[in-house]
Amino acid sequence: MPDARLCRFDELADPGSRGFEVELNGVPESILVVRRGGSVYGYINRCPHAGSPLDWMPDQFLSLDQRHIQCATHAALFTLDGGECVAGPCVGDRLTPVALELVDGWICLGRQAQS
Ligand code: FES
């Protein structure tokens, strides 16, 4: 099994975000991880509107007020905790979730994401 560790939980600002290149079910994928408080959420780094990557600079996925994930292409806003688009051209669509686990202070890919 490939190493499922992404980064240490305390390496992420609160709130904060970071991108990773991983393999999901044998397929290379770009993903993002966002932290708010004691929770972390993972999503495929692909906007449901036009399929663009979400980040406007490496590891920069959050809106200026840090309350949402923001797409760099047409500025859609997505909730941190569910990836639902709440403003922009794809309201009601969702980011594709990636299962994560916290293990001994590490943020790791969840088991179902690796199989
Ligand atoms: S590609 Fe993300 S809002 Fe258009």
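Our subject in this report is the structure included herewith. In this text the structure is predicted, and so the values were computed from the model without any measurement.

Summed over all chains, the structure comprises zero disulfides. The thiol of Cys108 is unpaired, and the distance to the nearest cysteine sulfur, on Cys7, comes to 9.3 Å. Judged by its relative accessible area of 8%, Cys108 falls in the buried class.

As a further point, take the pattern of salt bridges. Inspection of the entire model under this criterion finds five salt bridges. Two residues, Asp81 and Arg36, come together in a salt bridge whose shortest N-O distance is 3.8 Å. Linking Asp81 in the loop between strand 6 (77-79) and strand 7 (85-87) with Arg36 in strand 3 (residues 27-36), this pair joins segments that are 45 residues apart in sequence. Using a relative accessible area of 45% as the deciding quantity, one classes Asp81 as partly exposed.

Checked against the element boundaries, Ser17 lands in strand 2 (residues 16-24). When its relative accessible area of 14% is taken as the criterion, Ser17 is described as buried. Aside from chain neighbours lying at most four places away, what touches Ser17 is Leu12, Val33, Val34, Asp59, Gln60, Phe61 and Leu62.

Relative to the helices and strands, Thr79 is located in strand 6. If sequence neighbours within four positions are ignored, Thr79 has contacts with Tyr43, His68, Ile69, Glu84 and Val86.

On to the environment of Ser52, then. Along the chain, Ser52 falls in the loop between strand 4 (39-44) and strand 5 (68-70). Sequence separation of Ser52 and His74 is 22 residues, and the distance between their C-alpha atoms is 9.5 Å. Apart from the residues lying within four places of it in its own chain, the contact partners of Ser52 are Asn45, Arg46, Cys47 and Thr73. In this structure the side chain of Ser52 is engaged in a polar contact, spanning 3.4 Å, whose partner is the side chain of Thr73.

Thresholds applied
Residues numbered from 1 in each chain as written. Predicted model: local features only at pLDDT ≥ 70, side-chain atom pairs only at ≥ 80, totals over all residues. Heavy atoms only, no water. Disulfide = S-S within 2.5 Å. Buried < 20%, exposed > 50% of the residue type's maximum accessible area, 1.4 Å probe, protein only. Salt bridge = Lys/Arg side-chain N within 4 Å of Asp/Glu carboxyl O. Helix = DSSP H or I, 4+ residues; strand = E, 2+ residues; numbered from the N terminus. Contact = heavy atoms within 4.5 Å. Polar contact = N/O pair within 3.5 Å; in protein donor to acceptor, adjacent residues only side chain to side chain.

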